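What the coordinates show
Single-letter residue listing:
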Amino acid sequence: MTAADSDPQVALVTGASRGIGAVIACRLAQAGIRVGVNFHSSEKAARQVVNDIIATGGEALLIEGDVSLEEPAAAVVKQAFDRWGRIDILVNNAGIHRDRLLVRMGSDDWDQVMDVNLKGAFLCTKYVMPHLIRQRAGRIVNISSVVGLSGNPGQANYAAAKAGLIGFTKSVAREVASRNITVNALAPGYITTGMVEDLPEETQKQILSRIPMGRFGAAEDVAQAVQFLCSEGAGYITGQVLTIDGGLIA
Ligand code: NAP
């Protein structure tokens, strides 16, 4: 399909079947952006996200694929491009954690977390970039974490992947700035999704006591920031890391 400049923008959101990614997909769709809803294993939930977007007058495409593997990642990008003939926005949101103290951390725990959180973002960015360069415009938002800035016991693998994502963001931002493509990272603190809800109640209480705003963040807090970074008004912002954490690491 060939796209005209006047066509609505297209965003690909990885890991959009649930949690923060699902809310980002819905928010972008509400802004009139057509959205590729990527998932890996939660097909039913991802289909629901697509149906919700369509039910509220938006456009969305269900895209299965493990972004940590090269061929599936390339296929995910291709499906979004083939459907609408353009890609304007990539949100690298897919993420997992395998928390263990370092001495108990297996190579598998390390590799899986690196592969999804960091390599997945590399692969999707690599396959989206030629489209953005051709269009001489584009926005990439990488979902990192405050843990990538501060570190966290039990999360050496996750923190390293999220810190790596920040280095990746800043490097790619410099590579493509002259093409009118911005690349930024968001560093959420504790956001109420499966990842936080899985923590023991006592741990949740301890974390809350350290957050100056006294509450966990909502996925919508992150989605609003994504929408801003993808808006016209954010066109001169690139290579930045925006922390969304209620003051946790201020
Ligand atoms: P979540 O509820 O566990 O959702 C994770 C999403 O990633 C799911 O949609 C999942 O899809 C997808 N995913 C996992 N592996 C994938 C793969 N190989 N290929 C494609 N998709 C894959 O997590 P969340 O809390 O919304 O977190 C979203 C992002 O924000 C992550 O990058 C996370 O590290 C980051 N973050 C979260 C918090 C927080 O407090 N929640 C804080 C800071 C940063 P399937 O279910 O279909 O596999």
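The notes below deal with the structure included here.

**Remarks on the layout of surface pockets**
- There is about 1,100 Å³ of room inside the largest pocket.
- Taken together, 48 residues make up the lining of the largest pocket; nearest its centre are Gly95, Ile96, His97, Tyr158 and Met195.
- Here the element with the most residues in the lining of the largest pocket is helix H8 (residues 201-210); it accounts for four residues.
- Split by residue class, the lining of the largest pocket holds 18 nonpolar, 23 polar and seven charged.
- By volume, the second largest pocket amounts to about 450 Å³.
- Gln9, Arg86, Asp88, Gln135 and Ala137 are the residues nearest the centre of the second largest pocket, which is lined by 22 residues in total.
- Contributions of two or more residues to the lining of the second largest pocket are made by helix H4 (107-135) and strand S5 (138-143).
- At three residues, the largest contribution of residues to the lining of the second largest pocket is made by H4.
- Here the lining of the second largest pocket is built from residues that sort into eight nonpolar, eight polar and six charged.

**Considerations on the site of the ligand**
- In the vicinity of the ligand there are 32 residues, among which Ser17, Ser42, Asn93, Tyr158 and Thr193 approach most closely.
- Measuring from an oxygen atom of the ligand, one finds a side-chain N or O atom of Ser17 at 2.7 Å.
- Interatomic distance of 2.5 Å between a side-chain N/O atom of Thr193 and an oxygen atom of the ligand.
- Relative to its free-state accessible area of 890 Å², the ligand is covered by the protein chains to the extent of 95%.
- For the ligand, the cavity whose grid points lie within 2 Å of the majority of its atoms is the largest pocket.

**With respect to the nonpolar core**
- Residues Ile24, Leu28, Val37, Leu186 and Val226 are the most contacted members of the largest nonpolar core, which totals 32 residues.
- If we ignore the near neighbours within four places in the chain, the residues touching Leu28 are Ala11, Val13, Ile33, Val35, Val91, Val226 and Gln227.
- Leu12, Ile63, Trp84 and Leu123 belong to the second largest nonpolar core, which has 28 residues in total.

**What to know about the pairing of strand S1 (residues 10-13)**
- Burial along S1 is two-sided: the residues Val10 and Leu12 and Ala11 and Val13 are all buried.
- Pairing between S1 and strand S2 (residues 34-39): four bridges, direction parallel. When the sheet's bridge partners are listed, Ala11 is paired in S2 with Val35.
- As a crossover connection, the stretch from S1 through helix H1 (residues 19-30) into S2 is right-handed.
- Relative to strand S4 (residues 89-92), S1 runs parallel, the two sharing three bridges. For Ala11, the partnering residue across the bridge sits in S4 and is Ile89.

**So, the packing of H4 against helix H6 (residues 156-176)**
- Two numbers describe how H4 lies on H6: the axes approach to 8 Å, and their chain directions differ by 15 degrees. Comparing the axis directions of H4 and H6 gives the class roughly parallel. In the packing of H4 onto H6, the handedness of the crossing is right-handed. Residues Asp109, Trp110, Val113, Met114, Asn117, Leu118, Ala121, Phe122, Thr125 and Met129 of H4 form the contact with H6, whose own contacting residues are Ala156, Asn157, Tyr158, Ala160, Ala161, Lys162, Gly164, Leu165, Phe168, Val172 and Val176.
- In terms of residue class, the contact of H4 with H6 is made up of 15 nonpolar, four polar and two charged.

How each quantity is defined
Every chain is numbered on its own, with residues counted from 1 as its sequence reads. pLDDT decides what is reported in this predicted model: residues at 70 or higher carry local features, side-chain atom pairs at 80 or more are listed and counted, and totals for whole chains, interfaces and linings draw on all residues regardless. Excluded from the side-chain calculation are hydrogens and water; included are all heavy atoms of the structure. Residues are said to line a cavity or pocket when one of their atoms sits within 4 Å of a point; the points come from a 1 Å grid over protein atoms alone, cavities being sets where a 1.4 Å probe fits but cannot get out and pockets being open sets with protein on both sides within 12 Å along at least five of seven lines. Grid points are joined across faces, edges and corners, and a volume is the space filled by probe spheres set on the points. Comment: elements are numbered from the N terminus, with helices defined as DSSP H or I runs of at least four residues and strands as E runs of at least two. When residue character is reported, Ala, Val, Leu, Ile, Met, Phe, Trp, Tyr, Cys and Pro are called nonpolar, Asp, Glu, Lys and Arg charged, and the others, Gly included, polar. Any residue with a heavy atom lying within 4 Å of a molecule or strand is counted as near it. Definition of a polar contact: a pair of N or O atoms within 3.5 Å, with one able to donate and the other able to accept a hydrogen when the atoms are protein atoms, and with sequence-neighbouring residues admitted only if both atoms are side-chain atoms. Per-residue and other accessible areas were derived by the Shrake-Rupley procedure at a 1.4 Å probe size, with only the shown protein chains allowed to occlude residues. Criterion for pocket placement: a molecule counts as inside a cavity or pocket if more than half of its atoms are within 2 Å of its grid points. What we call a nonpolar core is a set of buried Ala, Val, Leu, Ile, Met, Phe, Trp, Tyr and Cys residues that are connected through their side-chain atoms within 4.5 Å. Note on classification: 1.4 Å probe, protein chains only; a residue is buried when its accessible area is under 20% of the maximum for its type, exposed when over 50%, partly exposed between these limits. Whether two residues are in contact is decided by their heavy atoms, any of which lying within 4.5 Å being enough. Strand pairing follows a simple DSSP-based rule, namely that at least 2 bridges must link the two strands. Orienting the strands away from the viewer, one traces the path from the first strand over the helix to the second; a clockwise path indicates a right-handed crossover. Fitted lines through C-alpha atoms give the axes, limited to the stretch in contact for helices. The angle between two N-to-C directions lies from 0 to 180 degrees. These descriptions rest on fixed angle ranges, namely under 35 degrees for roughly parallel, over 145 for roughly antiparallel, 65 to 115 for roughly perpendicular, and the rest for oblique. Crossing chirality is assigned from the near helix's rotation relative to the far helix, an anticlockwise turn below a right angle marking it left-handed and a clockwise turn marking it right-handed.

By themselves these figures say nothing about function.
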